[in-house]
Amino acid sequence: KRRPPRSTPKPSSAASDVYKRQHFGIHEDMLKDEVRTRSYMNACLNNKDQFKGKIVLDIGCGTGILSIFAAKAGAEHVYGIDNAEIVDFARAIVKENHLEDKITIIRGKMEEIKLPVEKVDIIISEWMGYFLLFESMLDTVLFARDKYLKPDGLMLPDKVCLKMVAVEDSRYKHRKFDFWDDVYGVNMKAIKKIALSEPLVDKVDPRQIRSSMCTFLNLDLSLIHISEPTRPERISYAVFCLTKK
């Protein structure tokens, strides 16, 4: 006789708590990235004339920090969109900062929800992924731009670029990659290949830079389209070479 199919076990409350801690750890890391967070804050608060009385859409709002910056800059109303459970906390944060009359947090996919307004004046989003485009939300931002942004609307950011520079750090390489050659006497080089292909986010000591810096990709978010991201007139490239210092 065939055994009855096993039911998929539900994660324990402990496992769920671990997931939540990891999930919120991502938001903590982003908020503690002062260069990134202060750049958005300054873009809003130093341009209050652009935000005053405007309707703002915050895509992937997370904790709602960008929505709050926009509201403090004078926006008439901000709609923060996210499809994760963080929205429950974002609503609480908005309320604790007495901005519930200025900010509405909506849970759902940008492509599936319907905003309470037909058009918005500004789209703000921290959509960038690893190496800018890897696992990014750019497609979602462009969808929202085409559907909701007014013809004379603003996007933050509106232009992005990729820069490249050569770095040498033999100690880091040995600690991160050569480690897999001999793990307690076990050859784990198969994992080394994967480790070498994974993107890394880390700080670099300026003394480790071994070349000049070059910008090799520029994107204007007001022009590019989801269906034609590689048209020459939409994306500007630069021929470059890395010069050893």
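Check the entry above for the structure.
Residues numbered from 1 in each chain as written. Predicted model: local features only at pLDDT ≥ 70, side-chain atom pairs only at ≥ 80, totals over all residues. Heavy atoms only, no water.

Undergrad: Looking at this structure, I do not really get the sheet that holds strand β3 (residues 103-107). What am I missing?
TA: Hydrogen bonding along the main chain pairs the strands of a sheet, whether they run parallel or antiparallel. The sheet built from five strands is open, its strands ordered β3-β2-β1-β4-β5 with parallel pairing. Among the strands making up the open sheet, the edge pair consists of β3 and β5 (149-156). Across the sheet, the mean angle separating the axes of adjacent strands is 20 degrees when strand polarity is ignored. As paired strands, strand β2 (residues 77-82) and β3 are joined by five bridges and run parallel to one another. Along β3, the bridge assignment pairs V78 with I103. Where helix α4 (residues 65-72) meets the sheet, its contacts fall on β1 (55-59), β2, β3 and β4 (120-125), and the angle it forms with β2 comes to roughly 175 degrees. (Pairing = 2+ DSSP bridges. Helix = DSSP H or I, 4+ residues; strand = E, 2+ residues; numbered from the N terminus. Axes fitted to C-alpha atoms, helices over the stretch in contact; angles between N-to-C directions. Contact = heavy atoms within 4.5 Å.)

Undergrad: In this structure, what is going on with the nonpolar core? I would like to understand it.
TA: In globular proteins that are soluble, nonpolar side chains generally tend to be buried together. Judged by nonpolar contacts, the single largest core of 27 residues is most densely connected at L57, M110, L115, V120 and L221. Counting only elements with at least two residues in this core, the list comes to β1, β2, β4, α6 (138-148), β5, β6 (159-164) and β7 (214-220). If we ignore the near neighbours within four places in the chain, the residues touching L57 are Y79, I81, M110, L115, V120, I122, I123, I124 and A144. Formed by 21 residues, the second largest nonpolar core is a distinct cluster that contains F51, F69, I103 and I124. (Core = buried A, V, L, I, M, F, W, Y, C linked by side-chain atoms within 4.5 Å. Buried < 20%, exposed > 50% of the residue type's maximum accessible area, 1.4 Å probe, protein only.)

Undergrad: Looking at this structure, I do not really get the pairing of β1. What am I missing?
TA: Where a strand is regular, its side chains alternate between the two sheet faces. Of all five residues making up β1, five are buried, and the element is well covered by its neighbours. Burial along β1 is two-sided: the face carrying I55, L57 and I59 and the face carrying V56 and D58 are both buried. Direction of pairing for β1 relative to β2: parallel, over a ladder of five bridges. By the bridge assignment for β2, I59 is matched with I81. The parallel pair β1 and β2, bridged by α4, forms a crossover whose chirality is right-handed. With four bridges joining them, β1 and β4 adopt parallel strand pairing. From the neighbouring strand, V56 faces β4, where its bridge partner is I122. (Right-handed = clockwise from strand over helix to strand, strands pointing away.)

Undergrad: Is there a simple way to explain the pattern of salt bridges in this structure?
TA: Counted under the stated rule, the structure contains twelve salt bridges. A salt bridge links D33 to R36; the nearest nitrogen and oxygen atoms lie 3.4 Å apart. A relative accessible area of 27% places D33 in the partly exposed class. Here K159 ties to D158 by a salt bridge, and the two come within 3.8 Å at their closest N and O atoms. The exposure class of K159 is exposed, given its relative accessible area of 54%. Look at the salt bridges and you will find they share partners, linking K173, D178, D181 and K192 into a network. (Salt bridge = Lys/Arg side-chain N within 4 Å of Asp/Glu carboxyl O.)

Undergrad: What should I look at first to understand α4 in this one?
TA: Helical geometry note: an α-helix holds 3.6 residues per turn, so side chains three or four residues apart project in the same direction. By the criterion of burial, α4 is predominantly enclosed, with six of the eight residues buried. Residues L66, S67, I68, F69, A70 and A71 constitute the buried set of α4. One or two positions beyond α4, positive phi appears at G74, with a value near 110 degrees.

Undergrad: Even after reading the chapter, I still don't get the side chain of K192, so can you show me in this structure?
TA: Tracing the backbone shows K192 in helix α8 (residues 189-197). By relative accessible area, K192 is classed as buried at 18%. At 3.3 Å, the side chain of K192 forms a polar contact with the side chain of D178. One polar contact links K192 to D181, side chain to side chain, over a distance of 3.3 Å. When neighbours within four sequence positions are excluded, K192 is seen to be in contact with F177, D178, W180 and D181. (Polar contact = N/O pair within 3.5 Å; in protein donor to acceptor, adjacent residues only side chain to side chain.)

Undergrad: Can you walk me through the pairing of β2 in this structure?
TA: Taking burial as the measure, the six residues of β2 include six buried ones, the bulk of the element. Burial along β2 is two-sided: the residues H77, Y79 and I81 and V78, G80 and D82 are all buried. Note that the unit made of β2, helix α5 (residues 86-96) and β3 has a crossover that is right-handed.

Undergrad: Just to check I follow, could you spell out unusual backbone geometry for this structure?
TA: Excluding glycine, most residues fall at negative phi; most peptide bonds, likewise, are trans. The omega torsion across L156 and P157 is -5 degrees, close enough to zero to call that bond cis. Examined against the element boundaries, P157 turns out to sit in the loop between β5 and β6. Here the phi dihedral of H98 falls at roughly 60 degrees; this positive angle occurs in a residue that is not glycine. With respect to the secondary-structure elements, H98 resides in the loop between α5 and β3. Non-glycine residue L132 carries a positive phi angle of around 75 degrees. Of note, L132 is situated in the loop between β4 and α6.

Function cannot be inferred from these measures alone, as they are strictly geometric.
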